[in-house]
Amino acid sequence: MSDKIGLFTGSFDPMTNGHLDIIERASKLFDKLYVGVFYNPHKQGFLPVENRKRAVKKAVAHLDNVEVLASHDQLVVDVARRLGAKTLVRGLRNATDLQYESSFDYYNHQLAPEIETIYLYSRPEHLYISSSAMRELLKFGQEIQQYVPNSVVEELEHEEKN
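Note that the structure is a prediction, hence the values are computed from the model and not measured. (Residues numbered from 1 in each chain as written. Predicted model: local features only at pLDDT ≥ 70, side-chain atom pairs only at ≥ 80, totals over all residues. Heavy atoms only, no water.)

1. Notes on the nonpolar core
Residues Phe-12, Met-15, Ile-23, Leu-33, Val-60 and Val-89 are the most contacted members of the largest nonpolar core, which totals 29 residues. Looking at this core, the elements that each hand over two or more residues are helix H1 (17–27), strand E2 (32–39), helix H2 (49–59), strand E3 (66–72) and helix H6 (150–161). When neighbours within four sequence positions are excluded, Ile-23 is seen to be in contact with Phe-8, Phe-12, Met-15, Leu-33, Val-35, Val-60, Leu-63 and Val-66. Judged by nonpolar contacts, the second largest core, of 13 residues, contains Leu-7, Tyr-34, Phe-38 and Ala-85. (Core = buried A, V, L, I, M, F, W, Y, C linked by side-chain atoms within 4.5 Å. Buried < 20%, exposed > 50% of the residue type's maximum accessible area, 1.4 Å probe, protein only. Helix = DSSP H or I, 4+ residues; strand = E, 2+ residues; numbered from the N terminus. Contact = heavy atoms within 4.5 Å.)

2. Considering the side chain of Asp-13
Within the secondary structure layout, Asp-13 lies in the loop between strand E1 (5–10) and H1. A polar side-chain atom of Asp-13 sits 2.8 Å from the main-chain amide nitrogen of Leu-47. When sequence neighbours within four positions are dropped, the list of residues in contact with Asp-13 reads Gly-45, Phe-46, Leu-47, Arg-52, Ser-131 and Arg-135. (Polar contact = N/O pair within 3.5 Å; in protein donor to acceptor, adjacent residues only side chain to side chain.)

3. Structural notes on the layout of surface pockets
Considering only enclosed or pocket space, the largest pocket measures out at about 1,400 Å³ in volume. What lines the largest pocket is a set of 45 residues, and nearest its centre among them are Thr-9, Gly-10, Ser-11, Arg-90 and Tyr-100. Those elements that provide at least two residues to the lining of the largest pocket are E1, H1, E2, helix H3 (76–83), strand E4 (87–92), helix H4 (95–111), strand E5 (116–121) and helix H5 (131–139). Looking at the lining of the largest pocket, the element that brings in the most residues is H4, giving eight residues. (1 Å grid on protein atoms, 1.4 Å probe; cavity = no way out; pocket = protein on both sides within 12 Å on 5 of 7 lines; lining within 4 Å. Points joined across faces, edges and corners; volume = space filled by probe spheres on them.)

4. Thoughts on the UniProt feature "site: Transition state stabilizer" (unreviewed entry) in the protein
Mapped onto the present numbering, the UniProt feature "site: Transition state stabilizer" (unreviewed entry) falls on His-19. Contacts of His-19, omitting those with residues within four sequence positions, involve Phe-8, Phe-12, Pro-14 and Ser-131. In this structure the side chain of His-19 is engaged in a polar contact, spanning 2.9 Å, whose partner is the backbone nitrogen of Thr-16. (UniProt positions renumbered as here; feature names shortened; annotations may be inferred.)

5. Concerning the pairing of E1
With respect to burial, E1 is a largely interior element, six of its six residues being buried. Residues Ile-5, Leu-7 and Thr-9 of E1 are buried on one face, and the alternating residues Gly-6, Phe-8 and Gly-10, pointing to the opposite face, are buried as well. Alignment of E1 against E2, held across six bridges, turns out to be parallel. Bridge pairing links Gly-6 to Leu-33 in E2. Relative to E4, E1 is paired through three bridges, and the arrangement is parallel. Bridging across to E4, Leu-7 finds its partner in Leu-88. (Pairing = 2+ DSSP bridges.)

Put into structure tokens, the structure is as follows:
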């Protein structure tokens, strides 16, 4: 019997406690869970991808079966195939997220019918936390410690110093 391998992807710009909760819950469903920090090199991110990857790695360090990787210029299904992942994991906060995710699911299934997508619904305490809201709060000088893992705060402080 082969291992159950999952892949959870996102920009994690920045990672939130909601992302971390989905990763922790998904890690219990798979023998191996890959977390892919995906980015578009033609688009300016809030945090550099290496900082995002480092923050995610630190945040999930307590999960033995989770491995973090970065990817660009590749489709999620191509990365999943390369890793042997048969399941994509997605998090949902609301109906808007479902509509957005279902469009990707349509194409992913067309391109790779052997790869399934599962959705994990956010816990109530994370329903309103998003990376875009974190960027907005930071833009106006607000603290975000209660919404993100400590590793994100560390990366933001590191960026501030440079």
